[in-house]
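# Residue-level structure breakdown
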Amino acid sequence: MAKVTGTSCSTFLVDPQERILLQYRDEKARLFPNCWSVFTERFQESDREGAGLGPIAPYRACATRGIGEELKVQTAGGLESFVPQERLFHFFKGSYEDDTQAVDQYAFTGELYVPLERLVAAEGKRVDVFSLDQVRTMHIAANYGQFIEILYEKLGRGELADR
């Protein structure tokens, strides 16, 4: 079987207590079933349309689209897509390769401003928030555990203060 190649854009949402929101992938997931993950979307050429200027803009558009598809908010009118309040902040570019895929990765972070009890996973089994110490003990999909470490390093150094 040929490797899947491409680009993925991931969103790492952090709440005011600096806990990260993760989704638990269900058994039907083609890649990384039954483990915790961040919200990730495959880049599509259509993400370039209306994305704005700059080399990161289309990837930010992909991450924003992905979080809206995968995470819903319970409102008085029903379920609505999660929409970041501020522009997602690009904090890292990496890559991942295993026997099935080779992927370039763009990582973005944003504020989790909605209470956990109002969030609904549109994909996967559930969502929850975790501290870095908790994440370090968990089975995290792909290399996202490393990305989470990088995110917390940058948060600790104040590099993402304006996110």
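Here's what I pulled together on the structure shown here. Along each chain, numbering runs from 1 in the same order as the chain's sequence is written. Local features in this predicted model are restricted to residues whose pLDDT is 70 or higher, and side-chain atom pairs enter the listing and the counts only when it is 80 or higher, whereas totals over whole chains, interfaces and linings include all residues. Note: side-chain values were computed over all heavy atoms of the structure, leaving out hydrogens and water.

### Side note on the pairing of strand E8 (residues 101-111)
- Counting buried residues along E8, eight of its eleven residues qualify, which places the element largely inside the surrounding structure.
- What sits between strand E7 (residues 89-97) and E8 in their antiparallel hairpin is a turn of three residues. Note on classification: 1.4 Å probe, protein chains only; a residue is buried when its accessible area is under 20% of the maximum for its type, exposed when over 50%, partly exposed between these limits. Numbering of helices and strands runs from the N terminus, with a helix taken as a DSSP run of H or I at least four residues long and a strand as a DSSP run of E at least two residues long. Only strands joined by at least two bridges in the DSSP assignment are considered to pair.

### A few points about the side chain of Asp15
- Its location among the elements puts Asp15 in the loop between strand E1 (4-14) and strand E2 (20-24).
- For Asp15, a relative accessible area of 6% corresponds to the buried category.
- Side chain to side chain, Asp15 and Arg19 meet in a polar contact 2.6 Å long.
- If we skip the residues at most four places from it in the chain, Asp15 touches Leu112 and Val129. Here a polar contact is taken to be a pair of N or O atoms separated by no more than 3.5 Å, where protein atoms must pair a possible hydrogen donor with a possible acceptor and residues adjacent in sequence count only if both atoms sit in side chains. The criterion used for residue contact is that any of the two residues' heavy atoms lie within 4.5 Å.

### Remarks on the environment of Phe92
- The topology assignment puts Phe92 in strand E7.
- Residues Phe92 and Tyr152 lie 60 residues apart in sequence; the distance between their C-alpha atoms is 12 Å.

### Some remarks on helix H1 (residues 57-70)
- Working rule for helices: expected span equals 1.5 Å times residues minus one. Over its 14 residues, H1 runs 20 Å from end to end, which matches the ideal 20 Å to within 8%, given 1.5 Å per residue.
- For H1, a buried count of ten out of 14 residues is recorded, marking the element as mostly surrounded by other parts of the structure.
- Restricting attention to buried positions, one finds in H1 the residues Ala57, Pro58, Tyr59, Arg60, Cys62, Ala63, Gly66, Ile67, Gly68 and Glu70.

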